[in-house]
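# Understanding the architecture of this molecule
Listed below, chain by chain, are the residues.
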Amino acid sequence: MDVYGIIGNPVEHSLSPPMHQAAFRERELDAEFVTFEADPDRIEEAFRGAEALGIDGLTVTLPFKHDAFEFVEPDDRARRVGAVNTIDFTEDGPVGYNYDLSGTLRAFEHHDVDLEGADAVVVGAGGAARAIAFGFEEAGATVSIANRTVEKAHDLADDVPGASGHGLDELPDLMADADVVANATSVGLESDESVAPADAWHEDLTAFDAVYKPLETRFLKDAQAAGAQTIGGAWMLLFQGVEAFEMWTGEDAPVETMNEALREHL
Ligand code: ATR
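Described in the following lines is the structure provided in the data block.

Enumeration over the complete set of coordinates arrives at ten aromatic pairs. Geometrically, the ring pair formed by Phe-24 and Phe-245 is tilted, given 5.9 Å between the ring centres and 35° between the ring planes. Here Phe-24, found in helix H1 (residues 16-26), pairs with Phe-245, found in helix H10 (residues 233-249); they are 221 residues apart in sequence, far enough to count as distant. Each member of the pair Phe-24 and Phe-245 is classed as buried. Taken together, the ring pairs connect Tyr-4, Phe-24, Phe-33, Phe-245 and Trp-248 into an aromatic cluster. We note Arg-263 situated over the ring of Trp-235; from NZ or CZ to the ring centre the distance is 4.5 Å.

The structure is reproduced here in structure tokens:
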């Protein structure tokens, strides 16, 4: 039997186990997907232990995406972002991927939103914002980063080719000229708040929210009310899992099955 898992802390409410288990069942694979809540003080031991036990692959979530990056040989995308959310334990050692980036791009493709030549605003400058900003840039968008702490916006913009950094006070002006706005802050997570002013939305925008609890965030509701297209964060979660499944198993992912399993547990 192949064993995969998610490592994080906290991790008990993760949606990855039901999503991957449903995919394994659908494809009739002899594989299990389990949850590992690792001690942050012993994370390197945890990764080495997983490797020594012959675990086949791990999804990595907060707060271990940077630790995972240090532990593996990262692929190009993971190297650019400086974070790893998926590990493949190969005969040549652990290899790391950043499927938060790939998952974001696949979520946009799934909704037929073309990022090539788009003006894209990323709100936030933490780990999620890094993956999204590098993804947008790779897809051919011009990226503006707006963050409450403006220095962090500038630091991220310095890393992403062609990007500019801004304070949140500039967000309405940035949105006026933009094609895409992504929320990569924690604002709206289990609350009815949005980082973007409601009156800044317009129908030429596409809204993407990395927050998926609730599914319909205030950010997305305001966008929709103004006639903008919306892409919820569950799509990013789904497609990062799809990418992981396909890399680990070499099979096409049962995307519909995984989507249903995910939405059943949200
Ligand atoms: P993650 O790795 O999940 O992206 P993070 O690194 O803690 O998490 O980043 C959280 C982001 O949400 C940051 O951009 C943070 O802004 P600051 O850099 O100014 O801290 C943003 N954020 C959190 N709470 C916010 C709030 N109430 N208003 C605006 N931005 C907020």
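Still to come is the rest of the account.
Attention now moves to the pairing of strand E9 (residues 164-167). Remember that side chains alternate between the two faces of the sheet whenever the strand is regular. Here strand E8 (residues 142-147) pairs with E9 via four bridges, running parallel. Paired with Asn-147 across the two strands is Gly-167, which belongs to E9. With helix H7 (residues 150-159) bridging E8 and the parallel E9, this β-α-β connection has right-handed handedness.

Moving on, we come to the environment of Ala-153. With respect to the helices and strands, Ala-153 occurs in helix H7. On the accessibility criterion, Ala-153 (0% relative accessible area) is buried. When residues no more than four places from it in sequence are discounted, the contact partners of Ala-153 are Ala-125, Ile-145, Asn-147, Gly-165 and His-166.

Sheet topology note: the strand E1 (residues 2-8)/strand E2 (residues 31-37) ladder contains seven bridges and is parallel. For Gly-5, the partnering residue across the bridge sits in E2 and is Val-34. Traced from E1 through H1 to E2, the parallel crossover comes out right-handed.

Attention now moves to the sheet that holds strand E4 (residues 73-74). The mixed open sheet is built from six strands, whose spatial order is E2-E1-E3-E5-E6-E4. Every interior strand has two partners, whereas the edge strands, E2 and E4, have only one. Sheet analysis places E4 next to strand E6 (residues 93-97), joined by two bridges and oriented parallel. By the bridge assignment for E6, Glu-73 is matched with Val-95. The sheet contacts of H10 involve E1, E2, strand E3 (57-60), strand E5 (86-90) and E6, and relative to E5 the element is tilted by about 5°.

Now for the sheet that holds strand E10 (residues 180-183). One open sheet accounts for six strands, arranged E9-E8-E7-E10-E11-E12; its pairing is parallel. Two strands bound the open sheet, and with one partner strand each, they are E9 and strand E12 (229-231). Within this sheet the neighbouring strands show an average axis-to-axis angle of 20°, counted without direction. Relative to strand E11 (residues 206-209), helix H5 (residues 99-110) is tilted by about 145°, and along the sheet it contacts E10, E11 and E12. Most of the contacts of helix H9 (residues 218-225) go to E11, to which it runs at about 170°, and overall it touches E10, E11 and E12.

What counts as what
Position numbers for residues count from 1 along each chain, tracking the sequence in the order it is written. Where totals are concerned, whole chains, interfaces and linings use all residues; where local detail is concerned, this predicted model gives features only for residues with pLDDT of at least 70, and gives and counts side-chain atom pairs only at 80 or more. Side-chain measures were taken over the full set of non-hydrogen atoms in the model, leaving aside hydrogen atoms and water. Ring geometry is summarised as follows: Phe, Tyr and Trp rings, the Trp one being its six-membered ring, pair when their centres sit within 6.5 Å, and such pairs are stacked at plane angles under 30 degrees, edge-to-face over 60 and tilted between the two. Secondary structure is summarised from DSSP: a helix means a run of H or I of at least four residues, a strand means a run of E of at least two, and numbering begins at the N terminus for each. With a 1.4 Å probe rolled over the protein chains alone, any residue whose accessible area is under 20% of its type maximum counts as buried; one over 50% counts as exposed, and the rest are partly exposed. Our definition puts a charge over a ring when NZ of Lys or CZ of Arg is within 6 Å of the ring centre and also within 35 degrees of the ring normal. In this analysis, strands are considered paired if DSSP registers two or more bridges between them. For a crossover, the right-handed case is the one in which the path from the first strand over the helix to the second runs clockwise, viewed with the strands pointing away from the viewer. By the convention used here, residues are in contact when the closest approach between their heavy atoms is within 4.5 Å. To obtain each axis, a line is fitted to C-alpha atoms, and for helices this fit is confined to the stretch in contact; angles are then taken between N-to-C directions over 0 to 180 degrees.

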